[in-house]
Structure formats: structure tokens, C-alpha cells
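An overview of the molecular structure
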Amino acid sequence: MRTSKPFIESTIHALEQVRLNSPLVHCITNSVVVNFTANALLAVGAAPAMVDIVGEAGPFATVASGLLINLGTPTPEQRAAMIEAQAGAAAGNTPWVLDPVAIGSLPVRTPLAYRLRDLHPTVIRGNASEIIALSGMGEGGRGVDALDSVEAALPAARSLAETTSGIVAVSGPVDLLTDGASVVRIANGDALLTRITGGGCALGAVMAAFLAAHDDRLAATVAAVTVYTVAAELAAEKSAGPGSFGVAFLDALYSVDADDIAARASIS
Amino acid sequence: MRTSKPFIESTIHALEQVRLNSPLVHCITNSVVVNFTANALLAVGAAPAMVDIVGEAGPFATVASGLLINLGTPTPEQRAAMIEAQAGAAAGNTPWVLDPVAIGSLPVRTPLAYRLRDLHPTVIRGNASEIIALSGMGEGGRGVDALDSVEAALPAARSLAETTSGIVAVSGPVDLLTDGASVVRIANGDALLTRITGGGCALGAVMAAFLAAHDDRLAATVAAVTVYTVAAELAAEKSAGPGSFGVAFLDALYSVDADDIAARASIS
Amino acid sequence: MRTSKPFIESTIHALEQVRLNSPLVHCITNSVVVNFTANALLAVGAAPAMVDIVGEAGPFATVASGLLINLGTPTPEQRAAMIEAQAGAAAGNTPWVLDPVAIGSLPVRTPLAYRLRDLHPTVIRGNASEIIALSGMGEGGRGVDALDSVEAALPAARSLAETTSGIVAVSGPVDLLTDGASVVRIANGDALLTRITGGGCALGAVMAAFLAAHDDRLAATVAAVTVYTVAAELAAEKSAGPGSFGVAFLDALYSVDADDIAARASIS
């Protein structure tokens, strides 16, 4: 396992690259969080594009810098666009993130998530119950809520990372990331992130932006989680509740800098 | 008619129950307010899940704690999911709220609202014009705006409550709620609630959360309206306009407590 | 070309009319910005109605005060509703705004934008790359980002205005508006407007509101841009980043008044 200092340096470098190059992030995501996701990407310095219709999703994914496929509210049109976008991403060598929202018992999204899993996502992001369900080791959570602890999802995360040859990120009070071999834990963030909708979903999009900014995929994913959760800490200090937190969080994604990362990042 | 003191006590109790049990609220709602609705539910302590596709809406409604069906932007997929969800709610004995947004002359949603009305919603929530239109006594408003006063909708509300054996809630400067026999008026809230989109729609979702927290359906609905409109008052005192009001309102839904309810609730 | 003083007077008058009459603005817009667009309309004093399904879009456009057709996330249902709404607007003499979001290479929305362009929109609003692409003189931008300067789009804007007999508005650091003959430049606004999603899209909706408030279409469009960008300046002075800017902007649209316009409007 790598020590935390290189991760902090690569996080700071990746953040600079995102702001310098403004990667074009193609999102197919759910109707609940689409606005917040676009605003989070803009705040951190990326360029969002929500292209989720058949006929456009494929060619756009080929030229985008990164792609997010989020299964939160998968209409028939979006489901077809997801398959098309994944093929476009593969053709263009575009890194892509799969977020298997609320899979487990729900009968439409669950088989679709399995199908996308087998197409080798660059990163899979979910809560513990979603990761366990996607690995085939368990049955999922309650709607979007995890019923399992992050650490309990480690075997499932390792297994998924090995079979997909990608990164798996389990979100929770301490985030756990693995490429199958190394395991990285990030102990930043704030519970208010779970009291606004899209707190996890927008992180998947930010991961897609950072994958475009750093060749090492584990380091890129660590950078995204670290920037995101350090911003959440900064925001929580200025918040009176979830409303003001959501606003302060976008401000913090916009202003978070190398000094904040160096002072606060808790990576092990 | 019951006096207001028992309603204040049951409101405080229901709020505690929502925060303790975090009821899973299944929403099929319009694209305009879906983010705000999820955030309002999270802020008050409930767990939102926006499951609005065919094949998932039915089984999810069966296991959810409450269901909202809101007709604001009813795509063909959502319309089919609404019918499926209602059947699932009936099978699971899940309380459900119907919000007949902008019905009257609009030719797709209006017959769908009548069809759903006849399936005995636990609660119907709308503005005066929508309630009058749903009762068959009038023609609706101008888009989402009511052209009728709340009091003018009392006969329609009573009639609807009797034929559906449910609760009918008419939103306005003074909210009017009836089970057909009793009539309760709640004189809380703030006009800024009408200057943000979703001010009424999110209330329907909060009602679904409170129906899961209290067996007496009239008391549960009174509790939802009281908590929601007292939070609006608290927010308005800290707001410079509709933008800051929307933020402060989510903070207030998160922090409103028994003392606020006891001090401010105006129920008669 | 008219001097700026009449435009400032007509802007102040149009703002008063919007607040007095609360025009009903029918929007068919993208899922990313639909909430922000509705809130911007409510804040400035208009009444939003997002009616974007087949069977309702046509009759509603006929009776609405103004219509926005925005191509941001054009599902098949929305595409059919757009065609229906345009016909309804034509039948009802309803002014309508076309926003050709991200056209150029995207193969579904681009031909649809050409088709709608040929149906004589009252106003076309876009960034420089979108206006150039719609005129047939260039290939568009990068997703929603303009790659061309506003001034470079002047020939395209003039050409489009002449062929459509409408107004063309090019958004950017300095907004450029033309009816084919006159050219008006408005040098208000703030760069933070580009760091929140919907900064441009919501302006199209506000234009539809102002078209209902003033018979001179160029003056109405100038009024919408001026009110909107002066509000952005007021908001930026109170903002710590894009999150707080979005909130302050809605507050500013609500409170901006004749004195603010007179003191700040930079129209030439």
C-alpha cells in the first residue's frame, strides 16, 4: 500500500489539472440530482454535459473527457442511452464511472447494473449495500440507504475490482477505495453530505472529471474523494443545516485549494 | 371538531416519530421539484426514493412507508408507473398522497387525476382550484396558480373527502384540511413559499412521511402541514428573497422542534 | 440604432409590467435547469408552467403568455411536445423563444433546431457557437461551451434575424442583440453566471416573460437581458462562490428595481 504523502501530492496536482483543462464530463444521471451534479462539476472547474438521449449519447461519450452512468431514475430512453454511451466510451477510450444506485431488489436497474459491471467500468462508486449487491455477495439496501458498514463491503469491493480490472469506491463515514490490491481509506467529509440529495451521486461525476486529469486511476479516484470530502468539511463549518450546507459546499468546491488539502486530507 | 391542543401534541409526536424512524417515502413527482422534494424529505428526517419507472414502481410502493403521486409533468412512463405504484400501495397497505397539479383543462393529467381519485387516495393535496376541479365542481386554475380562495373550496373538499373516504388538504394562506366531517384550519406559513417552485409539491411528500408516523390520518396530515408551515415562518424571518428563503427553509425543516411548534402553531 | 436611454426606460417599464401581470410562461426545457428556471421566473414576478408532454403542450402554448423551447435534454416525448407547442404558439400568437443548446455536431437536436428555426421564433437565444451553428456558418461548440467570441457571431446573428424576422440574442461577457438592422450590446453581468448551470437557459425563459410585457420585441429582449444581468451583478457582490451566487441571484431577481436598472444598465 502506498503511503498517504504521494496521494496528497497527486490530489493537489489533479485538482490543478481539472481547473486548468476543464474536462468535459458526460453525465447520464438521475432526475433528482442532475442540477446539483452539474453545479458541483462547474464549481470544481469541470464542464458538465448531460447528454442522455439515444443517438447522441454514443458519439458524445466518444469525445468526452469522462463519462458517468448513474442508475438513479433509469427511464427506458436513458437505459438505451447508457448502453450506447458505454460503447462510445469504449471506442474513444473514455474513462467511465458506474454508480449502481439502489440496486439489489429493484428489478429493472439491477440486471442493467450487472450488464454494465461486466463491461469493465473504470470506477464503480456506491454505498456499502450497493457494492455488496453488485458483487453478487448480498441483496442491497433500503432504497438509496446503505444497511451495511463500509468495512463489511471490503471483500465485495476487492472482488469487484479484480473482476472488472477497475477501481471500486465505497462511500461512507470513511471512504474505502481499492484497485483489488491496494486499499485506501479517506476519513474526511461530514454527515450533512448524507442530508442533501446527490451527495454521493455528484461524487461519481467528480470522479469522472478527475479521471481525465490523472493517468493513475487509483490516484485520480483518491483525489476526487479527497477534494470532495475536504470541501464538505469546509462547508459544514459554515452551515446551519442541509440547505445552507448545500450552498456552502458548492462554494467550497470552487475555493478549496492546495493548502486546504494539505492541512486536512486524512488518507491512509 | 377537535380542539387544537390535541393536534399540537400529535404534531410534536409525529415529528419525533419521523426523525426516529426515517420513513421511506416513495415519490413519483414532477421534474421541476424532484430535487427540492428529496431535500425537504431528508431535511425533515425522512428517506426519499424517487422510483418512477414501470417495473419498479409497483414493488417499491408495496414496501415503502408512504407514496406520493404528483401529476406535475406526467410523461407516459410516469403515468404507467403511477398506476402500477397505486396498485402496489394498495397491496401493501401503504398510505398514499395524490397531488393533482394543474388539473382542469389540461387533457392528459385531468382524466388520470379522476382515475386516481377513484382509487381512494389516503390524502389529496392541492390548491383551491385543483381541489374544486378534482371534485367535479369547477374548471381548475391558470397553470399551477389557484384562481379560487381556500374557503371557496370547502364544499369541494368535503365532497371529495366523503367520496374517497380520505383526507383532503387545500393549500393557501390558511390551509384547510377535512376528513369530510371535521374541518381544521392552519394559519401558519409565509407568502415566500409561493415564490419558490415546489412549495406545495414538497408538502405532499412530507404528508406521505407523516402518514407513516401516525395512525390517525387527519392528525398526521395536520402534523405535516403544521411542521412545514412553521418551518416556513422560521425561514422567512431569515430571508432576503426567494433564493435565501429556499435555503433557510431546508435548514428550518431540519431544526424545527417541539418548542417551535408549541409556540407558533395556529390550528383551529 | 436607438440610443440607450429609451432602452433603459422601456426596461424599467417592462419589469413593472411583468410584476404587475405575472405572465404565464410555458417552458419546455431541459432536466438540468428546470428547477432553476422555474425559480428565476417566480423570482422576477412571472408564473412558470413546465408543460412538456404530448397532448398538453399544444393547447397550453396557445393560451400561455410566452413559450420557451430549450433543446438541452430533448427526450423523444419532449421533441414531439416541442413541435406541438410551436404550432400552438403560432395558433395563439404566443411569442416564443428558441434556445438551441449545444447544437452543432449532436445529431438529434441539431436538425430539430433547424426545423424550429425555420418556423420563425420570436427570439433565438444562444452562446456564440450555438448561434453560428444555427445560422449554418459554423460547427458549434464543445458541449454547452462556446468556442467563439460574441463579436465573431455578429454576422451569423444578423443573418438569422433576417431570415427568421425575429430577434437574435448572443450571450457572453457582453451580450449582443439584433433584429437584423439594429445591434444592441449590454455590458452587464458577472462571470459567476457561467459557473452555475442554467445561467443561460433561465435567461431564455425570462425573455419569454418579458415578450409578454412589451410589444416592441427588441426592447422586450433588451429588458430581459438587462434585468437579468444587473441582478447578476448585484448578486455577485454578495457571493463567496457559485453556490451563494445562485441563491443571491434569485434574491436579486426578486428585489431588483428601477433605481438599480438606472444606475447600472450599460446598453449601447
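Residues numbered from 1 in each chain as written. Chains lettered and ligands numbered in written order. Predicted model: local features only at pLDDT ≥ 70, side-chain atom pairs only at ≥ 80, totals over all residues. Heavy atoms only, no water.

1. Some thoughts on the sheet that holds strand 1 (residues 24-28) of chain C
Residue and element names in this part refer to chain C. The condition is simple: Think of it this way: DSSP has to see at least two bridges between two strands before they count as a pair. For helices the rule is a DSSP run of H or I covering at least 4 residues; for strands it is a run of E covering at least 2, with both sets numbered from the N terminus onward. Geometry is summarised by axes, namely lines fitted to C-alpha atoms with helices restricted to the contacting stretch, and by angles between N-to-C directions that run from 0 to 180 degrees. For this analysis, residues touch if any pair of their heavy atoms sits within 4.5 Å.
Spatially, 8 strands are ordered 2-1-3-4-5-6-7-8 in an open sheet, and the strand pairing comes out mixed. Of all the strands in the sheet, the pair left with one neighbour each is strand 2 (47-49) and strand 8 (183-186). Taking the axes of each pair of neighbouring strands and ignoring which way they run, one obtains an average angle of 20° across the sheet. Where strand 1 and strand 2 come together, 3 bridges link them in parallel fashion. Its bridge partner being in strand 2, Val25 is matched across the sheet by Pro48. Against the sheet, helix 4 (residues 76-92) engages strand 1, strand 3 (66-70) and strand 4 (96-99), with an angle of about 150° to strand 3. Strands in contact with helix 6 (residues 128-135) are strand 4, strand 5 (123-127) and strand 6 (167-171); relative to strand 5, the strand with the most contacts, it is inclined by about 125°.

2. Considering the interface of chain B and chain A
Which entries qualify depends on this criterion: Accessible area that two parts lose when put together, with a 1.4 Å probe and added across both, is what the buried area reports. Definition used for salt bridges: Asp or Glu carboxyl oxygen within 4 Å of a side-chain nitrogen of Lys or Arg. Here the nonpolar group is Ala, Val, Leu, Ile, Met, Phe, Trp, Tyr, Cys and Pro; Asp, Glu, Lys and Arg are the charged ones; every other residue, Gly included, is treated as polar.
In this complex, chain B contributes 26 residues to the contact, which on the side of chain A involves 29 residues. In total, about 2000 Å² of surface goes out of reach between chain B and chain A, with carbon and sulfur atoms giving 62% of it. Taken together, the connections running from chain B to chain A amount to 1 salt bridge. The salt bridge partner of B:Glu56 is A:Arg109, with a shortest N-O separation of 2.7 Å. Looking at the side of chain B that touches chain A, the elements that each hand over two or more residues are helix 2 (34-44), strand 2 (47-49), helix 3 (57-63) and helix 10 (242-255) of chain B. Take the side of chain B that touches chain A: its biggest share by element is 6 residues, from helix 2 of chain B. A class-by-class count of the residues in the side of chain B that touches chain A yields 16 nonpolar, 6 polar and 4 charged.

3. Observations regarding the interface of chain C and chain A
In this assembly, 29 residues from chain C lie in contact with 26 residues from chain A. Between chain C and chain A, a total of about 2000 Å² is buried, with carbon and sulfur atoms accounting for 62% of that surface. In terms of surface lost to chain A, no three residues of chain C exceed C:Val32, C:Arg142 and C:Arg195, which account for 27% of the buried area on that side. Summed over the shared surface of chain C and chain A, the result is 1 salt bridge. Counting residues per element, the ones that place at least two in the side of chain C that touches chain A are helix 4 and helix 10 (242-255) of chain C. Here the side of chain C that touches chain A is composed, by residue class, of 14 nonpolar, 10 polar and 5 charged.

4. Examining the packing of helix 1 (residues 4-21) of chain A against helix 9 (residues 217-236) of chain A
All names here are of chain A. Under the convention used in this document: Put simply, angles under 35 degrees are roughly parallel, angles over 145 are roughly antiparallel, angles from 65 to 115 are roughly perpendicular, and the rest are oblique.
Where helix 1 meets helix 9, the axes come as close as 8 Å, and the angle between the chain directions of the two elements is 80°. For the element pair helix 1 / helix 9, the angle class is roughly perpendicular. Here Phe7, Ser10, Thr11, Ala14 and Leu15 of helix 1 lie close against helix 9, whose contacting residues are Leu218, Ala219, Val222, Ala223, Thr226 and Val227. For the contact of helix 1 with helix 9, the residue count by class is 8 nonpolar, 3 polar and no charged.

5. Observations regarding the relation of the copies chain B and chain A
Applied cut-off: Copy-to-copy superposition: least squares on the C-alpha atoms, limited to residues that have pLDDT of at least 70 in both copies.
When chain B is brought onto chain A, the operation consists of a screw motion whose angular component is 120° and whose axial shift is 0.0 Å, with 0.0 Å RMSD remaining. The relationship between the two copies is best expressed as a three-fold rotation axis. Residue B:Ser31 of chain B places its C-alpha closer to the rotation axis than any other residue of that unit, at 3.8 Å. Here only 4% of the interface residues in chain B have copies in chain A that are interface residues too; the copies meet through unlike faces.

6. Quick notes on the UniProt feature "binding site: ATP" (unreviewed entry) in chain A
Residue and element names in this part refer to chain A. Filter applied, for reference: UniProt positions are given in the numbering used here, feature names are shortened, and annotations may be inferred rather than shown by experiment. For the purposes of these results, a polar contact is taken to be a pair of N or O atoms within 3.5 Å, where, inside protein, one atom must be able to donate a hydrogen and its partner to accept one; residues adjacent in sequence count only when each atom of the pair is a side-chain atom.
The feature "binding site: ATP" (unreviewed entry), as annotated in UniProt, sits at Arg125 and Ser171 in this numbering. A maximum C-alpha distance of 7.3 Å places the annotated residues, which cover 47 residues in sequence, within one compact spot. One can find Arg125 in strand 5 (residues 123-127). Within the secondary structure, Ser171 sits in strand 6 (residues 167-171). Those residues within four positions of Ser171 in sequence are excluded, and the remaining contacts are Arg125, Gly126, Asn127, Ala128, Val150 and Leu203. In this structure the side chain of Ser171 is engaged in a polar contact, spanning 2.6 Å, whose partner is the side chain of Arg125.

7. Let's talk about the relation of the copies chain C and chain A
Mapping chain C onto chain A leaves a residual RMSD of 0.0 Å; the transformation is a rotation of 120° accompanied by 0.0 Å of translation along its axis. A low fraction, 3%, of the interface residues of chain C reappear at the interface in chain A, so the copies pair through non-equivalent surfaces.

8. Notes on unusual backbone geometry
Residue and element names in this part refer to chain B. Even without being glycine, Asn93 reaches a positive phi, approximately 60°. By the element assignment, Asn93 lies in the loop between helix 4 (76-92) and strand 4 (96-99). Positive phi values are uncommon outside glycine, yet His120 reaches one of about 65°. Structurally, His120 is set in the loop between helix 5 (109-117) and strand 5 (123-127).

9. Some remarks on the UniProt feature "binding site: substrate" (unreviewed entry) in chain A
Applicable threshold: Categorising residues by exposure relies on relative accessible area from a 1.4 Å probe, with only protein chains included: less than 20% of the type maximum marks a residue as buried, more than 50% marks it as exposed, and the intermediate range marks it as partly exposed.
Per the UniProt entry, the sites bearing "binding site: substrate" (unreviewed entry) are A:Met50 and A:Gly198 in this numbering. Position of A:Met50 among the secondary structure elements: in the loop between strand 2 (47-49) and helix 3 (57-63). The exposure class of A:Met50 is buried, given its relative accessible area of 9%. For A:Met50, the residues in contact, after removing those within four places along its chain, are A:Cys27, A:Val34, A:Thr37, A:Ala38, C:Val32, C:Gly72 and C:Thr73. Within the element layout of this structure, A:Gly198 appears in the loop between strand 8 (183-186) and helix 8 (201-211). By relative accessible area, which is 7% here, A:Gly198 ends up buried.

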